[in-house]
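# An overview of the molecular structure
Read off the chains here:
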Amino acid sequence: MSEVRKFTKRLSKPGTAAELRQSVSEAVRSSFVLEKTKVVEPLDYENVILQRRVQIYSDPLRDLLIFPIEDVSISIIGRQRRTVQSTVPEDALKKAQSLFVKECIKTYSSDWYVVNYKYEEYSGDFRMLPCKSFRPDKIPSHVFEIDEDFEKDEDSSSLCSQKGGVIKQGWLHKANINSTITVTMKVFKRRYFYLSQLTDGSYILNSYKDEKISKESKGCIFLDACNDVVQCPKMRRYAFELKTIDKYSHYLAAETEQEMEEWLVTLRKIIQSNTESLVQEKKDAVESVQDDESSTQGKSENILESLERSMHPELMKYGRETDQLNKLSRNDGRQNIFSFDPEVQRLDFSGIEPDVKPFEEKCSRRFVVCCQDFSLNLLAQLSDTAEEGPTNVEPFFLSLALFDLKNNCKISADFHVDLNPPSVRDMLLDNSEPRTEGTQGHCPVQSLVHGIPESCLRYIKWGVFSVTNPHTEIFLVARVEKVLQGSIAHCVEPYMKNSDPGKTAQKVHKVAKQVCSRLGQYRMPFGWAARPVFKDSQGTLDANGKFSPLYKQDSGKLSNEDMLKLLAEYKKPEKTKLQVIPAQLNIVIKDIPLDFTNCFTASFIPIKPFGKGCEDIAVEVEELVPEVAKYCYPFTVYKNHLYVYPLHLKYENQKVFAKARNIAVCLEFRDSDEVDAKPLKCIYGKPGGPLLTTNAYAAVLHHNQSPEFYDEIKIELPIHLHQKHHLLFTFYHVSCEISTKATSKKQDTVETQVGYAWVPLLKDGRIATLERHLPVSSNLPPGYLGLGDTESRKQSSMDAKWVDGAKPLFKIRIHLDSTIYTQDMHLHKFFHYCQLVQAGAKEVPGELVKYLKCLHAMEIQVMIQFLPVILMQLFRVLTNVTQEDEVAVNCTMVLLHIVSTCHEEGLDHYLRSFIKYVFRAEKPSAKQVKMTHEILVLSMATILKQSADFLAINKLLKYSWFFFEALAKSMAMYLLEENKIKLPRGQRFPESYQHALHSLLLAIIPHVTIRYNEIPEESRNVNFSLANFLKRCLTFMDRGFVFNLINDYISGFSPKDPKLLVEYKFEFLQTVCNHEHYIPLNLPMTFSKPKLQRVQDINLEYSLTDEYCRHHFLVGMLLREASIALQDNYDIRYTAISVLKNLLIKHAFDNRYQHKNQQAKIAQLYLPLFGVLLENLQRVAGHEALTSCPVSSPASRDEFICSFPSPSSRSSLIADKDPACGAALPNGHAIKREDSKGSLNLEGATSSLDQCENIRRSSMRSSVSHCSRLDQFEIRTLLMCYLYIVKMISEDTLLAYWNKFSPQELINVLVLLEVCLFHFRYVGKRNIASSCMRASGPGERRLAVSPPASCRVHDAWLSKHTAADRKSQTMPALRSRAGVRLQHLGSLETSFTLNHNAGTSEADIVHQALLEGNIATEVCLTVLDTISFFTQSFKTQLLSNDGHNPLMKKVFDIHLAFLKSGQSEAALKHVFASLRAFISKFPSAFFKGRVNMCAALCYEILKCCTSKVSSTRNEASALLYLLMRNNFEFTKRRTFLRTHLQIIIAVSQLIADVALSGGTRFQDSLLIINNFANSDRPMKQEDHLLRQVMLQM
């Protein structure tokens, strides 16, 4: 590998690369010294797994270490056909002699060869995973106080959340009693009372001014304090008295006696229930008094045991709580944190390539034409049966075809239809004898066509047409013909007359019978009609359209070109001069039904599904697709048709024949020019006759010596064509005279031969098509094919008599519609030469190269149509190369030409289909010859090293995916077919191939790292293709060797590379790391060391050491590159972070590794990411997160205010030594604190904004890592990765990781947890809606404030939070509103929604809020899990100095941060459980020494006691009571004075901070605390003190 490093060191970046370094982003980065990633040689993977085989196989998680068996396999997939049977004739391969034809037949009849990768679904991005349940079926809905309606009445909220709800309500009169006023009727005030049950089961009677429940309750009575209710009529009518335990009375009066009775009954029930509970409580107290005395006399009882003996169910539950139970409770119903990631929520599949489909027949716009009836105005009853009705008096024949007026061409073959009724068809039966040979011998034996009786195919009325490019100027043209009779004008005239149609019909019918019996086989033009097909260019059928009138056919306008002109005239009916024949043409166009059956292809092969009956049989009509590349497609079925079009015969100057006017052209297809040669039965016949016949006639024009023709004759070509195959045209003069007086001899002379013309089908071995001009001979001498050229005609040895001096009198056009013959000269010659070589001919040096080079001139449409055949032959030639390197290179160049052409035409999907389904590397014909993949690699390297042909190099780079895919499939098939897959990986491929791959890699590197600016698309493509190929090589080859290739390639990049190259690097790494067995490749196992080394390398598996990167190569390389990228600009950081996150998402949802132990092992691989985050702690946290912790404001929880510790304590908690973030501002100005909560003095803030900006800028000169801020997307993404690892990693590993840290570093670990809470805090629907509105502009990737505003907010916060410590815990001044507003702006910046493409509709906002709420809850629970485990693991350290140490301070701050950051109702339940456990574990920290922790906790708990969420109030009340209870137990049941004082102080602070709102809710909380005390025996003795506390509160 030293060669690679020398090579990469020599890499320079002249020219454009130097210019890029001068760009703005590079100018910023150039001031920082970025060290080049140290090259770490990867481990010898195969050797390691062999040496550690015992360790691997004994590992319970060995599935993470071992590649699965039979990971790769070959499957042979049967070719899906739409026909009932194969389109290839059974004996086709035997009959074929041409190599090209043979290869075509093999291609169309062979099955697909597919290399299957068992776990391929796991080899891409996380979106490709087979389990698509990334998002939970139902996203839980969480309740946050910030989303509560702030205008909603407090007491209404309180009532709505009470346990039993409102039990009774109504108007009562209440006496206003005090010491100076006696009770009289005058002092009673009318109030509306609500009797309600609280969540703890107690009852309360609230009074209000009216039923609407005004904001303030006018009074409340706690019924737990009442012991009786009695009537007192002397006081007032319907009055009653509520007596309390303190001998105090409440006087109430109802308005009616019935209301009084109802109130008395209800109140007595409640008081009786309370009394019974009190009696039971006293009884229990007497029974346990002995235990109480003993416990108080001895040492203090454990508080949990004491709570278990409480009479209150909640206290008993708290007494049974343990860390393990709390952990299990937190784990219930947890969500995957990545489920709410923006990428997962969006699930954008646009970047993922669609599944590659096999080649299939082109699916154009198809529709069916149903021919039903054709009738003219001359009708007669010809049949004896009345069922048939009046019919046409003579037979007519239709031919339908599509014409494209826009492109001026005919776009379909002819569809011939015979709609004549049986009685009319019978008129032609008398002519069956003299017709063609094809008719003879047909009737006696019923023949079958692919199993279907041929009789079913005689009168098909349904035709299926196809149109590749539909538009409104496509017309369906119906040409009408009749039996030859005379001139068109003479035959049309009776149908255009209006006089005596009955008599005329009989007359016409009489003549027609004579004509049919004599001239039945000859046709003449009669008329035409047309109609549009489509309404629009989308292919909507014009189903309501009708045919035009039937126009008379002009004998001088018969050709297709004339028809297109007539159609243009037809489109302008106001100007048309066309003569109309009265007629009814009933032809319907409709879409093909879903249950369409009984259809044949144009070659008359039945299509699936095909029924047994012969009713409604349809046939496909061949589409004549224009020879344009975009309309072409690779052939997949056998088809071999030839269409012949006689166009024009110039006989006006001939002097050979006396009569040559009514000229009929008869076409035959022959394979010999001998005298006794017979025509081949391969011409498709007309309706009513056999399917295939020996000849065909064109329509005859009466008395025309220079006739034009429009007929189309379709021929089924034989599989093998030779030089003798030819078309023979015979010209006849047809006698149309019908005379009863003529002799029988004259009558028999119907046709007189008036000439012959012929054309060989092959010219230079290829079928010659397009227009041909042929001479006409008056005779047909033996061996007439020898007279084909001009020189032969001059020779007198042949007895041929040419008409008009052998001038080209006859014009024809030939169209080949074949999938086994090509007309391309270059392709034909290449295959012909290959056939000669295969047959044993001696190879001429340079000859093959010449033919290969000629293939560059091959027509594009031919290349596409025969794509699989051509590509397979080229690979075959490549494989059989012996010693000529030039042949291999030129063969690869032709491949490159074809690949680039397909891409340029937008047809690259055909190439993908070829590689996946068709390509099959064949064994070389000679022994000791290199395999296809090795020769191809050498050829690619040779081309890339050529300095002259940059065009070819660029193409090879741009379309390299094709060659790499071919290499991968060739390698796979080589291993599987040669059974080398069972060999050790080091022995599977020869060393020469490994050397060739290494050379190819070295050839690619400079084109990527040097020429990237010159060829950005090409370099990106080859970078991606190479990554995919090396990923495949990890499945086939020696993995250590592939690791070295990857290492060499990455070594070609530098940290000083521009953004584009860094993107290439991470795209490469992401692709390789997406390998389906990425985890086993990283060997997630311990690598034991000798004892001496073990002591020295204690951090081996926890940081990005060389050993770590060597043992866990891929993940080590990715983490190293990501850590370096974090020091770069935003775009590069974004790329690195996204790659890392997407990989972790893939691990999280990979259904192969869902067991917690597997996830823990995977997470352990990423443990060094912790160190990376800790190194960048200050950037990840941001100034505001490091120095603050958000809490809810006194007025409402959607405004954020902050409380900050002292600078000294804060600076001691952060290991980062950035001087720019010190406690004091550099200008020496102190910022005045207006109150104990640290409100902002705006003068100090504004004066320091510019100075802070200067700090930020100047610090950039010293270290980019400290002041290059990460934005919210980056921070949240990194923290999400961190939280996933923390959640999944095993506790043992986590503890071992923590144990290696110093106390200072441990605090940084805790800071990172606190930062998670800060950045994932839930900011409420209002702020989310604001963020959505701000980011609703197009192309927004980040929802954040613009950089200048962001900097100002950050710096203002910094200046604010570097003030002095909070003053004494006494009554503070009112908070500055301006400071609150500034903080609120800061909170908005961090409250971006997860789905960055979301709209701003209410539903979108609700959904975004739902996602934000879920992720905030999951983050809270993950941090709670971690901090709980931390407190268990470091209990001793936390208890040092009675809990008054920096570590305890930070742990407590995190616990407090849960309450400050406004967690969900569900999360807060677990938070309170953890706080209860925390207080129980560390009472000395709260009740001994400094009061800071106790004071802060009391303040936050009391704020929660006013929460609008009832469960939060209940939990807070319980926690406050347990705090007092713990204080009481800590003092050995003497007092809880400390808690008492801190509660009183906290209440004062809350009142001063306007944070103590919701009087009724606070009263509810006090009542709950009172109920706890009443039910807790040990606190009975302190009952008076507790009451005093509550009264003071």
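The structure this text deals with has already been given above.
So, here is what we can say about the structure in this document. Predicted, not measured: the structure shown is a model, and the values here were computed from it.

Within the structure shown, the criterion is met by 50 salt bridges. Linking Lys923 and Glu978 is a salt bridge whose minimum nitrogen-to-oxygen distance equals 3.5 Å. You can see Lys923 sitting in the loop between α26 (908–918) and α27 (932–945) and its partner Glu978 sitting in the loop between α29 (960–977) and α30 (991–1009), a full 55 residues away along the chain. The exposed category is assigned to Lys923, whose relative accessible area is 58%. What emerges from the salt-bridge pattern is a single network uniting Arg330, Arg334, Lys1287, Glu1418 and Asp1425.

Moving on, we get to the nonpolar core. Ranked by size, the top nonpolar core spans 318 residues in total, and within it Ile715, Leu727, Phe729, Phe810, Ile1046 and Tyr1166 carry the most contacts. The dominant element in this core, judged by the number of residues it contributes, is α29, at 12 residues. Ignoring any residue separated from it by four or fewer positions in sequence, one finds Phe729 in contact with Val644, Val665, Cys666, Leu667, Gly755, Tyr756, Ala757, Val759, Leu774, Phe810 and Ile812. Listed in part, the 80 residues of the second largest apolar core include Val369, Leu419, Val424 and Val480.

All right, on to the environment of Gly556 then. Turning to its location among the elements, Gly556 is positioned in the loop between β21 (550–552) and α18 (560–570). Along the chain, Gly556 and Leu701 lie 145 residues apart, while their C-alpha atoms are 9.7 Å from each other. Apart from residues no more than four positions distant in its own chain, Gly556 is found in contact with Asp562 and Glu708.

Glancing now at the packing of aromatic side chains. Across all of its chains, the model carries 64 aromatic pairs by this definition. Ring centres of Trp528 and Tyr551 lie 5.0 Å apart, and the angle between their planes is 50°; this geometry places the pair in the tilted category. Of the two residues, Trp528 sits in strand β20 (residues 523–532) while Tyr551 sits in strand β21, which places them 23 residues apart along the sequence. Each member of the pair Trp528 and Tyr551 is classed as buried.

Now for helix α28 (residues 950–958). Burial in α28 covers these residues: Ala952, Ile953, Asn954, Leu956 and Leu957. Lining the buried residues of α28 we find α25 (885–904), α27, α29, α30 and α31 (1016–1036).

Another point: the sheet that holds strand β28 (residues 663–670). On the basis of which strands lie adjacent, the open sheet formed by four strands has the order β31-β28-β33-β34 and antiparallel pairing. Strand pairing shows two members of the sheet lacking a second neighbour, β31 (695–697) and β34 (751–760), which therefore form its edges. In this sheet, adjacent strand axes meet at a mean angle of 20° when their direction is disregarded. With eight bridges connecting them, β28 and strand β33 (residues 726–734) associate as antiparallel partners.

What counts as what
- For every chain, the first residue of the written sequence is number 1, and numbering continues from 1 onward in sequence order.
- For a predicted model such as this one, the threshold for reporting local features is a pLDDT of at least 70, and the threshold for listing and counting side-chain atom pairs is 80 or more; totals across whole chains, interfaces and linings nevertheless cover every residue.
- To get the side-chain values, take all heavy atoms of the structure and skip hydrogens and water.
- Each salt bridge in this description consists of a side-chain nitrogen of Lys or Arg and a carboxyl oxygen of Asp or Glu lying within 4 Å of one another.
- Comment: elements are numbered from the N terminus, with helices defined as DSSP H or I runs of at least four residues and strands as E runs of at least two.
- Exposure classes here rest on a 1.4 Å probe applied to the protein chains alone. A residue is buried below 20% of its type maximum, exposed above 50%, and partly exposed in between.
- Throughout this description, the term nonpolar core refers to a set of buried Ala, Val, Leu, Ile, Met, Phe, Trp, Tyr and Cys residues connected via side-chain atoms within 4.5 Å.
- We call two residues in contact when some of their heavy atoms are within 4.5 Å.
- Planes of paired rings set the category: under 30 degrees apart is stacked, over 60 is edge-to-face and the rest tilted, where pairs are Phe, Tyr or Trp rings (Trp by its six-membered ring) whose centres lie within 6.5 Å.
- Strand pairing is assigned whenever DSSP identifies at least 2 bridges connecting the two strands.
- Axis lines are fitted to C-alpha atoms, over the contacting stretch for helices. Their N-to-C directions set the angle, which ranges from 0 to 180 degrees.

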